[in-house]
Structures are given as C-alpha cells and as structure tokens.
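Read off the chains here:
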Amino acid sequence: MVNPNRGSGGVGFSSTEFEQEYERPSKSELKRQSDALQKMGETLVEAPRDRVKRVPMPEDVLEAILACQVITNHEGRRRALQFVGKKMRTLDETEVAVIQQAIDSWKGASKSETAAMHALERRRDKLLTDDKALTTLLAENPELDVQHLRTLIRNARKEQAENKPPKAYREIFQLLKQIESKKGKPAADEGDDDADSESDDE
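Residues numbered from 1 in each chain as written. Predicted model: local features only at pLDDT ≥ 70, side-chain atom pairs only at ≥ 80, totals over all residues. Heavy atoms only, no water.

### A few points about helix α2 (residues 27-46)
Taking 1.5 Å of rise per residue, the 20 residues of α2 would be expected to cover 28 Å, and the 29 Å separating its terminal C-alpha atoms lies within 8% of that figure. Every buried residue of α2 is listed here: Leu37, Gln38, Met40, Gly41, Leu44 and Val45. All buried residues of α2 project into a common sector of 160° when viewed along the axis, lining one side. Turned more than 90 degrees from where α2 packs its buried face, Arg32, Lys39 and Glu46 sit exposed. (Helix = DSSP H or I, 4+ residues; strand = E, 2+ residues; numbered from the N terminus. Expected span 1.5 Å × (residues − 1). Buried < 20%, exposed > 50% of the residue type's maximum accessible area, 1.4 Å probe, protein only. Arc of directions from axis to C-beta.)

See the structure below:
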C-alpha cells in the first residue's frame, strides 16, 4: 500500500514542507539583515540626541539608544551598542522603514549644509583670484569694512604664495559664513574646519 505522505519521488516529505524550507531566509541573508540593523543602531547612537528623540520608534529601543549615547567607557559602550543592535532586531519591517526614512532625511540635510559650505569656499577662492568679486561682495553688503577685507585678502594671497598657515584664509571663510547667517541662509557650521584642513594639505 502506498503511503499517502510520500510524494511521487518516494521521499518522506510533502511538497509543502519543501516550499517552507525554500522560503526561509538563508543564514547569510539573516546575517546581512542583522548587520544592517546593527549599523542602523550605531548611526542612531552617533546622531544628535534631539534628532533621535524625534524619530518614531518603540520606547524601549529609544531608551537603549539614549542610554548608549552617554556611555564613555570603551567596553561599556561596546556592550551597550550590542544591546542596541539586539533591540533593533525586535523591530518589524514598517518600523525599520520609518527609521531609515528619518536617517535618509538627515543625510539630505547634511548634503544641503555641505553644498552651502562649498559655495562659501568657492566665493572665498574667487575673492583671492578676482578683484571684481570683492566689488560684488561690497555692493551686496555695504556695511562691511572694506579695509579689513582688503587686508585679509592680501594676507591670504601671501599665505598661499609663501606656503604659510592659512590664518587669513580661514578668517575670510568665517566672515562669509557670518554674512550668510545674517541673511538667514543655511551656513555650514559643522565640518568647515575639516574643509579648511583639506585645503591646508593642497
């Protein structure tokens, strides 16, 4: 008598059991998902506290992230990050998507800040190479001290020619940043020192 549980191939598993096994994520896929959630948790830990508090997420996950942010001990922070990763793995797909959307929006904000910073750098470089750029700047901002600006530009040119530390070069950047801030435009507060340090190496 034929066993009804056996398929035509004579093996002792039904076809549906094979399908369930096939649909289950592989170990490598599960590892990728786990690593991605761990990385997402670390991104949240590194983000400013007030930003993290605005991200929709379960209370216990938020508490784990905020607690990790204040730990300075290396080993303690490592363990706390692992705990954050564990909490991140309890999230469902919708919750993960919402958090990812928030992180992506931060990146967009950072991009606009970076773009503003580069625009200021380009304007600074223009001031050093084109005298008309100073005329334009003064026309837009008549309250500026002409003599001070001319001195800064002259000193910055000298610094570049003699390969000296870019003191005046940085002062021009800060001055341009203040002008933009007064106009209410986004000026790059973060990273401008890094940008200058890159310029130093050139």
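### Re empty space enclosed by the protein
The full count for this structure, using the stated rule, is one cavity of 30 Å³ or more. Roughly 30 Å³ of volume is contained in the largest cavity. In this structure, the largest cavity is lined by Leu120, Arg123, Leu137, Asn141, Leu176, Ile179, Glu180 and Lys183. Where the lining of the largest cavity is concerned, the elements lending two or more residues are α6 (93-129) and α9 (167-183). No other element matches the four residues that α9 contributes to the lining of the largest cavity. Here the lining of the largest cavity is built from residues that sort into four nonpolar, one polar and three charged. (1 Å grid on protein atoms, 1.4 Å probe; cavity = no way out; pocket = protein on both sides within 12 Å on 5 of 7 lines; lining within 4 Å. Points joined across faces, edges and corners; volume = space filled by probe spheres on them. Nonpolar A, V, L, I, M, F, W, Y, C, P; charged D, E, K, R; others polar.)

### Describing the packing of aromatic side chains
A full pass over the atoms with the stated rule returns zero aromatic pairs. It is Arg124 that lies over the ring of Tyr169; its NZ or CZ is 3.7 Å from the centre. (Phe/Tyr/Trp six-rings, centres within 6.5 Å; stacked < 30°, edge-to-face > 60°. Lys NZ or Arg CZ within 6 Å of the ring centre and 35° of its normal.)

### A closer look at the pattern of salt bridges
Scanning all chains against the criterion turns up eleven salt bridges. The shortest N-O distance in the salt bridge between Lys126 and Asp130 comes to 4.0 Å. Judged by relative accessible area, Lys126 falls into the partly exposed class, the value being 45%. Given the relative accessible area of 24%, Asp130 is considered partly exposed. A single network of salt bridges, built from pairs that share partners, joins Glu75, Arg78 and Arg79. (Salt bridge = Lys/Arg side-chain N within 4 Å of Asp/Glu carboxyl O.)

### Structural notes on the side chain of Gln38
One can find Gln38 in helix α2. Judged by its relative accessible area of 17%, Gln38 is buried. Non-local contacts of Gln38, meaning those with residues more than four positions away in its chain, are made with Leu81, Gln82, Gly85 and Arg89. (Contact = heavy atoms within 4.5 Å.)

### Quick word on the nonpolar core
Of all hydrophobic cores here, the largest spans 24 residues; its most connected members are Leu44, Val52, Met57, Ile65, Met88 and Ile99. Where this core is concerned, the elements lending two or more residues are α2, α4 (59-69), α5 (74-88) and α6. Sorting elements by how many residues they give to this core places α4 first, with six residues. Apart from residues lying up to four places away in sequence, Ile65 is in contact with Leu44, Val45, Val52, Met57 and Val84. (Core = buried A, V, L, I, M, F, W, Y, C linked by side-chain atoms within 4.5 Å.)

### Looking at the environment of Leu44
Topologically, Leu44 is positioned in helix α2. Excluding its chain neighbours within four sequence positions, the residues that come into contact with Leu44 are Val52, Met57, Ile65, Gln69, Met88, Ile99, Ile103 and Trp106.

### Things to note about unusual backbone geometry
Despite not being glycine, Asn163 has its phi angle at roughly 60°, a positive value. Judged by its relative accessible area of 67%, Asn163 falls in the exposed class.

### Here's the deal with the environment of Ala133
Along the chain, the position of Ala133 falls in helix α7 (residues 131-140). Note: C-alpha distance between Ala133 and Arg123 (ten residues apart in sequence) is 7.9 Å. Non-local contacts of Ala133, meaning those with residues more than four positions away in its chain, are made with Lys126 and Leu127.

### As for the confidence of the model for the protein
When pLDDT is averaged along the protein, the result is 79; 77% of the residues meet or exceed 70. Predicted confidence in the protein is weakest over helix α10 (residues 192-201), with a mean pLDDT of 41, and strongest over α4, with 92. Ignoring residues within four places in sequence, the model shows residues 6-10, a span with pLDDT below 50, making three contacts including any to other chains. When the criterion is pLDDT under 50, residues 186-202 qualifies, and its contacts beyond four places in sequence or with other chains add up to 24 contacts. (pLDDT = per-residue confidence, 0-100.)

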